Amino acid sequence: GKSITELQTIDKHDQKRLENVRILTDAVNAGRNRMVPEKNSSAMNLRNGPTDFPMERLLQEASKRRLALARVGVRFGGSLTSVQAERLRARASSGTTNDLGMRLAVSGADTLDVLADAISSLDSGLKNLK
């Protein structure tokens, strides 16, 4: 399994993916925080409304970055699955649970490892789509 520090390291590809997520977040926030005049008033107020949200722009940006966003989600899911498998194994080896609890923890960890491998394969497949 991967260690926690290994999972937390960010390479240049991860950095680019995070930047893509930031761009989409900024696009969403720009639409939410647009200053618009309120009806029958000269005051400017923050208002959320369907006409204020730049949905078309958000969809365009998301479309451009859909593969990167998919990989971010897949890698996060894979990392989370691996960490949970490690936790279950640690619980089983700690001796604080009964025999049935240990067997269930080991079985769950094995199942999560299979899932993590499948997620890793999916990530590799997405990586090759570039």
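Quick caveat: nothing in here was measured; it's all calculated off a predicted structure.

Once that is clear, we can look at the overall build of the protein chain. Check the secondary structure of the protein chain and you find five helices and two strands. For the protein chain, with 130 residues in total, the buried portion stands at 24%. A separation of at least 24 residues holds for 59% of the contacts in the protein chain among residues at least 6 apart in sequence. A total of about 9300 Å² of accessible surface is found on the protein chain, and carbon and sulfur atoms cover 56% of it.

Looking now at the side chain of Thr-81. Tracing the backbone through its elements, the reader meets Thr-81 in helix α4 (residues 66-94). Overall, the relative accessible area of 9% leaves Thr-81 in the buried class. Within the structure, Thr-81 has its side chain in polar contact with the backbone oxygen of Gly-77 (distance 2.7 Å). Other than its neighbours up to four places away in sequence, Thr-81 contacts Leu-112, Leu-115, Ala-116 and Ile-119.

Our next topic: the nonpolar core. Within the largest apolar cluster, six residues are counted, these being Ala-85, Leu-88, Ala-92, Ala-105, Ala-109 and Leu-112. Elements with a contribution of two residues or more to this core: α4 and α5 (99-127).

What follows covers the pattern of salt bridges. In this structure the tally under the stated criterion is five salt bridges. Measuring nitrogen to oxygen at the nearest pair gives 2.8 Å for the salt bridge that ties Asp-123 to Arg-71. Taken together, the residues span a long stretch of sequence, with Asp-123 in helix α5 and Arg-71 in helix α4 at a distance of 52 residues. What makes Asp-123 buried here is its relative accessible area of 13%. Here Asp-123 ties to Arg-75 by a salt bridge, and the two come within 3.9 Å at their closest N and O atoms. One end of the pair, Asp-123, is in helix α5; the other, Arg-75, is in helix α4, and 48 residues separate them in sequence. Overlapping salt bridges bring together Arg-71, Arg-75 and Asp-123 as one network.

Attention now goes to the confidence of the model for the protein chain. In this model, the protein chain carries a mean pLDDT of 76, and residues with pLDDT of at least 70 account for 71%. By mean pLDDT, the top-scoring element of the protein chain is α5 (91), and the lowest-scoring one is strand β2 (residues 44-46) (48). The model gives residues 46-50 a pLDDT under 50, and that stretch makes nine contacts with residues more than four places away or in other chains.

What counts and what doesn't
- Residues numbered from 1 in each chain as written.
- Predicted model: local features only at pLDDT ≥ 70, side-chain atom pairs only at ≥ 80, totals over all residues.
- Heavy atoms only, no water.
- Helix = DSSP H or I, 4+ residues; strand = E, 2+ residues; numbered from the N terminus.
- Buried < 20%, exposed > 50% of the residue type's maximum accessible area, 1.4 Å probe, protein only.
- Contact = heavy atoms within 4.5 Å.
- Areas by Shrake-Rupley, 256 points an atom, 1.4 Å probe, with all protein chains shown as cover.
- Polar contact = N/O pair within 3.5 Å; in protein donor to acceptor, adjacent residues only side chain to side chain.
- Core = buried A, V, L, I, M, F, W, Y, C linked by side-chain atoms within 4.5 Å.
- Salt bridge = Lys/Arg side-chain N within 4 Å of Asp/Glu carboxyl O.
- pLDDT = per-residue confidence, 0-100.

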